[in-house]
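Listed here are the chains, written in short residue letters.
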Amino acid sequence: MVWASGLPVAGVPTNPYPARILNMSLGAETGGCPDFLQEAIDSVVARGAIVVVAAGNSQANVYDAAPAGCGGVIGVAAIGKGGDLTSYSNAGIKADLGAPGGDRSLDPTESLIYGLTNLGTDSAGAHGYGFGAGTSFAAPHVAGVLALMLSVNPDLTPGQMASVLVGSVRPY
């Protein structure tokens, strides 16, 4: 995160193409946000980048997961085809919004997210397409909307982007 946003990392050349939007489709149940991770997020946001994170897929409170439970991030829950929270998605006050994440309880061709995948079963294999579900599929939708916002107004700050985005959603 730190390097991707253009901040220096000891022993590594500076990133000549700093990212303004970072998507973190990963997480773990940690009981909250570790200090080192919060410090990294704070520095990235202060640099002018926005951090979008997957809320998690454990039907748990987002607050107990990292990086979704950290401050200064946009936590993304998964919603299904009908606009409701999926049965697996983490939720709670730190889940800022929901985006399409697919729902495994319905017909896969109508309810899952179709996209790029790796076809390997126990190691890296050929690239291909496949169906999937999860908050890791939902978060990139939000990162993409933020990129479109920056393409219209590159002067938007992370706070402005978050405010516009979160202020434009409806409850799920």
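Starting afresh in each chain, residues are numbered from 1 along the sequence in its written order. Local features in a predicted model are, by the rule used here, given only for residues with pLDDT of at least 70; side-chain atom pairs are given and counted only at 80 or more, and totals for whole chains, interfaces and linings are based on all residues. The side-chain quantities take in all heavy atoms of the structure and omit both hydrogens and water.

### Focus on the packing of aromatic side chains
This is how it is decided: Each pair of aromatic rings taken from Phe, Tyr and Trp, with Trp reduced to its six-membered ring, is defined by centres within 6.5 Å and is described as stacked if the planes are under 30 degrees apart, edge-to-face if over 60, and tilted in the remaining cases. Under the DSSP-based scheme used, a helix requires at least four consecutive residues in state H or I and a strand at least two consecutive residues in state E, with every element numbered from the N terminus. When a residue's accessible area, from a 1.4 Å probe over protein chains only, is under 20% of the maximum for its type it is buried; when over 50% it is exposed; and in between it is partly exposed.
Per the stated rule, a full pass over the model turns up two aromatic pairs. Residues Tyr114 and Phe131 carry aromatic rings whose centres are separated by 4.9 Å and whose planes lie at 50 degrees to one another, so their mutual orientation is tilted. Of the two residues, Tyr114 is situated in strand β7 (residues 113–118) and Phe131 in strand β8 (residues 127–132); the sequence distance between them amounts to 17 residues. Classification of Phe131 as partly exposed rests on a relative accessible area of 41%. Within the aromatic cluster, the residues linked to one another by ring pairs are Tyr114, Tyr129 and Phe131.

### Brief notes about the state of the cysteines
Let me state the cut-off plainly: We call a pair of cysteine sulfur atoms a disulfide whenever their separation is within 2.5 Å.
A complete count under the given rule lists one disulfide for this structure. Covalent S-S linkage joins Cys33 and Cys70, the inter-sulfur distance amounting to 2.0 Å. Because the sign of the S-S torsion sets the handedness, a value of about 90 degrees for the bond joining Cys33 and Cys70 places this disulfide among the right-handed ones. Here Cys33, found in the loop between β2 (28–29) and α1 (35–46), pairs with Cys70, found in the loop between β4 (65–66) and β5 (73–79); they are 37 residues apart in sequence, far enough to count as distant. By relative accessible area, Cys33 is classed as partly exposed at 23%.

### A short note on the nonpolar core
Stated precisely, the cut-off is as follows: Here, nonpolar core means buried Ala, Val, Leu, Ile, Met, Phe, Trp, Tyr and Cys residues that are tied together by side-chain atoms lying within 4.5 Å of each other.
Of all hydrophobic cores here, the largest spans 22 residues; its most connected members are Ile21, Val52, Ile74, Val76, Val142, Leu146 and Met161. Elements that contribute at least two residues to this core include exactly β3 (50–54), β5, β6 (95–100), α3 (135–152) and α4 (158–167). Per element, the largest residue contribution to this core is seven residues, and it comes from α3. One finds Ile41, Val44, Ala55 and Val62 within the second-largest nonpolar core, a separate group that totals 16 residues.

### So, the sheet that holds β5
Each strand in a sheet pairs with its neighbour through backbone hydrogen bonds, running either in the same direction (parallel) or in the opposite one (antiparallel). Keep this limit in mind: For two strands to be treated as a pair, DSSP must find no fewer than two bridges joining them. For helices, the fitted axis covers only the stretch in contact; all axes are lines through C-alpha atoms, and the angles between them, taken along N-to-C directions, range from 0 to 180 degrees.
Taken in spatial order, the four strands of this open sheet run β1-β3-β5-β6, and their pairing is parallel. Each edge of the open sheet is held by one strand with a lone partner, namely β1 (21–24) and β6. The sheet shows a mean angle of 30 degrees between the axes of neighbouring strands, taken without regard to direction. Sheet topology note: the β3/β5 ladder contains four bridges and is parallel.

### Points about the packing of α3 against α4
This is how the line gets drawn: We call two directions roughly parallel when the angle between them is under 35 degrees, roughly antiparallel when it is over 145, roughly perpendicular when it lies between 65 and 115, and oblique otherwise. Crossings are assigned a handedness: left-handed for a near helix turned anticlockwise from the far helix by less than a right angle, right-handed for a clockwise turn. Contacts were defined at the residue level, with two residues in contact if any of their heavy atoms lie within 4.5 Å.
For the pair α3 and α4, the least separation of the axes is 11 Å and the interaxial angle reads 120 degrees. In this view, α3 runs oblique relative to α4, as classed from their interaxial angle. Both α3 and α4 take part in a crossing whose hand is right-handed. Contacts between α3 and α4 pair Val142, Val145, Leu146, Met149 and Leu150 from the former with Met161, Val164 and Leu165 from the latter.

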